[in-house]
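# Architecture and fold: a report
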Amino acid sequence: MKRDQIESFFATLRAANPQPQTELEYTSVFELLAAVLLSAQATDVGVNKATRRLFPVANTPQKILDLGLEGLEGHIKTIGLYRSKARHLMQACRMLVDQHGGEVPRTREALEALPGVGRKTANVVLNVAFGQPTMAVDTHIFRVSNRTGLAPGKNPLAVERQLMKRVPPAYAVDSHHWLILHGRYVCQARKPLCPTCAVSAFCDFKDKTRA
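Model, not experiment: these values are computed from the prediction.

Time to look at the pattern of salt bridges. All told, the structure shown has seven salt bridges when counted by the stated rule. Across the pair arginine 94 and aspartate 98 runs a salt bridge whose closest N-O atoms are separated by 3.3 Å. A residue pair is termed a helical-turn pair when its members lie 3 or 4 positions apart in one helix, as arginine 94 and aspartate 98 do in helix H5 (residues 82-100) at four residues. When the shortest N-O distance is used, the salt bridge between glutamate 112 and arginine 108 registers 3.4 Å. A residue pair is termed a helical-turn pair when its members lie 3 or 4 positions apart in one helix, as glutamate 112 and arginine 108 do in helix H6 (residues 108-112) at four residues.

Here we take up helix H4 (residues 61-76). If you check H4, its first and last C-alpha atoms are just 16 Å apart, much less than what 16 residues at 1.5 Å a residue would give, namely 22 Å. Largest kink in H4: about 105 degrees, centred on glycine 68. Taken residue by residue, H4 has Pro61, Ile64, Leu65, Leu72, Glu73, His75 and Ile76 as its buried positions. Where H4 is buried, its residues touch helix H2 (29-38), helix H3 (44-54) and H5.

It is worth spelling out the layout of surface pockets at this point. Computed from the structure, the largest pocket encloses a volume of approximately 560 Å³. Considering the residues around the largest pocket, the lining is formed by 25 residues, among which Ser39, Ala42, Asp44, Asp138 and Arg184 are closest to the centre. Secondary-structure elements contributing two or more residues to the lining of the largest pocket are H3, helix H7 (119-128), helix H8 (139-148) and helix H10 (172-185). If you tally residues by element for the lining of the largest pocket, the top one is H10, at six residues. Computed from the structure, the second largest pocket encloses a volume of approximately 170 Å³.

Turning our eyes to something else, we now look at empty space enclosed by the protein. Under the criterion given, the structure shown has one cavity of 30 Å³ or more. Roughly 90 Å³ of internal volume is contained in the largest cavity. Together, 14 residues line the largest cavity, and His182, Cys187, Cys194, Cys197 and Cys203 are the ones closest to its centre.

Reading the values: the criteria
Residues numbered from 1 in each chain as written. Predicted model: local features only at pLDDT ≥ 70, side-chain atom pairs only at ≥ 80, totals over all residues. Heavy atoms only, no water. Salt bridge = Lys/Arg side-chain N within 4 Å of Asp/Glu carboxyl O. Helix = DSSP H or I, 4+ residues; strand = E, 2+ residues; numbered from the N terminus. Expected span 1.5 Å × (residues − 1). Bend = angle between axes of the 7 residues up to and from the residue. Buried < 20%, exposed > 50% of the residue type's maximum accessible area, 1.4 Å probe, protein only. Contact = heavy atoms within 4.5 Å. 1 Å grid on protein atoms, 1.4 Å probe; cavity = no way out; pocket = protein on both sides within 12 Å on 5 of 7 lines; lining within 4 Å. Points joined across faces, edges and corners; volume = space filled by probe spheres on them.

The structure is reproduced here in structure tokens:
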């Protein structure tokens, strides 16, 4: 995808959705962190279903700790890998309380030091909560970036680095939302909806589907 096509690609996505938002439900930075931590290998719908039970009861690091591990597991057991996720969330909450005064840190290094928080989770928090132009490359962004020719790469980190270079600054903060939503609802894995895709004219995908 050429530079002028990239500009048109994101301009079109922005025109259709000027203020894209994550589909995870949250009301605080900690709730966002917890939801993203729980979302690994799970759908946003499934995570929201669980956090609607959890957050009214415990929505701060200390309240999560007060639940205890078994109590936390009981609230999130509908999510895949809930036992390991509960353990990681408990450990992260202990670090937040002991080392950060119960607040979510604003740096990548401090976020990635939390159990269960990898680069992708840290990127989501830095972007959504703190407005930093990061790229949280999930399966949708990885697929869209490679299929369209926007930012080809053999692994998520390579795609992230390509995106950081190629996405125009004006679109940087919101671009990962547009790409996730585009991959989730239009540029789908098995059968992309090319005939109704608003950005197909800028896409390098050779095997476009037909109506």
